[in-house]
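Summary of the model geometry
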Amino acid sequence: MDFTLDKYSALLDALKAYPFESLTFRHDVDLKPQNSLRTAKMEAGKGLYGIYYFRAVPESWDETIIKEIAALGHEIGYHYESLTTCKGDVDKAYEDFCKNLEALRRIVPVRSISMHGSPRSPFDSRDIWKKYDYHTLGIEIEPYLDTDFSKTFYLTDTGRRWDGYKVSVRDKIPGYQDKWISKGLVFHSTDDVIEGLRSSRIPRNLMITVHPQRWNPFCPAWCKELFLQNAKNILKRAIASRFVSNNH
């Protein structure tokens, strides 16, 4: 069984033991912030720390949990989707971004941002930065834009699987994904990732993204997440196919 808390603990142990040259450990808090607090505590207990990106929506933004995760030693980032919420208006999106960033900074320090994919939206919020520069706001890192993927391998559990680039609309790295596939860097289950770490198949420069909402003890919440994500993947695959067709 995958995406249980026991499996997550085993993944953390494998990450902890691996001789990385660099590790960027990301967490997208799309939903269920209480799940993020649980994984943050698990990680801190093992001496692992990363960045937790919170959306500016009620189902993610929980000030108490944000403070608790920061107090554990993790970094807090802003998971922005302003171009979607502002329906493609870049100037309004930038104003919305600045407003939400300032609100988050009133709770904790923020130096990192990460785009929320919004698969049902036609807009990619990274397009804000074709006109504006987030560095002028004291932001140091946008992982999709500031990572050298010629030297860094990317893994994400998007789609409740580790090869979710097959169904993802935006949480993938075009141009590099095919190169990684040609090298056999394809992992489906968490056991595959753990084996890849234990056998040193995974490159030593890694960026990994997890969605804590997906990781649950085996209970009704685990079953619900499995059912909903499988249904969502069907929709995402259709959207991704349409997106590719429209760009050819």
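The text that follows walks through the structure, step by step, so that each part is easy to find.

Conventions we followed
- Residues numbered from 1 in each chain as written.
- Predicted model: local features only at pLDDT ≥ 70, side-chain atom pairs only at ≥ 80, totals over all residues.
- Heavy atoms only, no water.
- Helix = DSSP H or I, 4+ residues; strand = E, 2+ residues; numbered from the N terminus.
- Polar contact = N/O pair within 3.5 Å; in protein donor to acceptor, adjacent residues only side chain to side chain.
- Contact = heavy atoms within 4.5 Å.
- Phe/Tyr/Trp six-rings, centres within 6.5 Å; stacked < 30°, edge-to-face > 60°.
- Lys NZ or Arg CZ within 6 Å of the ring centre and 35° of its normal.
- Core = buried A, V, L, I, M, F, W, Y, C linked by side-chain atoms within 4.5 Å.
- Buried < 20%, exposed > 50% of the residue type's maximum accessible area, 1.4 Å probe, protein only.
- Pairing = 2+ DSSP bridges.
- Right-handed = clockwise from strand over helix to strand, strands pointing away.
- Arc of directions from axis to C-beta.
- Axes fitted to C-alpha atoms, helices over the stretch in contact; angles between N-to-C directions.

Quick look at the side chain of S82
Topologically, S82 is positioned in helix α4 (residues 82-85). For S82, the side chain forms a polar contact with the main-chain nitrogen of F97, separated by 3.5 Å. Among residues more than four places away in sequence, those in contact with S82 are A93, D96, F97, S125 and I128.

Some words on the packing of aromatic side chains
The tally for this structure, following the rule as stated, stands at 18 aromatic pairs. Among the aromatic side chains, those forming a connected cluster through ring pairs are Y78, Y80, Y94, F97, W129, Y132 and Y134. Just above the ring of Y144 sits the side chain of R26; from NZ or CZ to the centre is 4.8 Å. Across the ring face of Y144, the terminal group of R126 is positioned such that the distance to the ring centre comes to 5.0 Å.

Digging into the nonpolar core
When a protein is soluble and globular, its nonpolar side chains tend to lie buried together. L155, W162, L197 and I202 are the most contacted members of the largest nonpolar core, which has 58 residues in total. For this core, the leading source of residues is helix α1 (residues 5-17), giving six residues. For I202, the contacting residues outside a window of four places in its chain are Y18, F153, L155, F187, V193, G196 and L197.

Digging into the pairing of strand β1 (residues 22-29)
As paired elements, β1 and strand β6 (residues 205-210) share six bridges and run parallel to each other. If you follow T24 over to β6, its bridge partner there is M207. As paired elements, β1 and strand β2 (residues 51-54) share four bridges and run parallel to each other. Bridging across to β2, H27 finds its partner in Y52. Chirality of the crossover, the property in question, places the unit of β1, helix α2 (residues 33-45) and β2 among those that are right-handed.

What about helix α8 (residues 190-198)?
Within the sequence span of α8, burial applies to T190, V193, I194, G196 and L197. Looking straight down α8, one finds its buried side chains confined to an arc of 160°; they lie on one side. Contacts from the buried residues of α8 go to α1 and β5 (153-156). Immediately downstream of α8, the backbone of S200 shows phi near 65°, a positive value.

Structural notes on the sheet that holds β5
The six strands lie next to each other as β4-β3-β2-β1-β6-β5, forming an open sheet whose pairing is parallel. The sheet is open, and its two edges are formed by β4 (113-115) and β5, each paired on a single side. The mean angle between the axes of side-by-side strands here comes to 25°, regardless of whether they run parallel or antiparallel. Against the sheet, α2 engages β1 and β2, with an angle of about 175° to β2.

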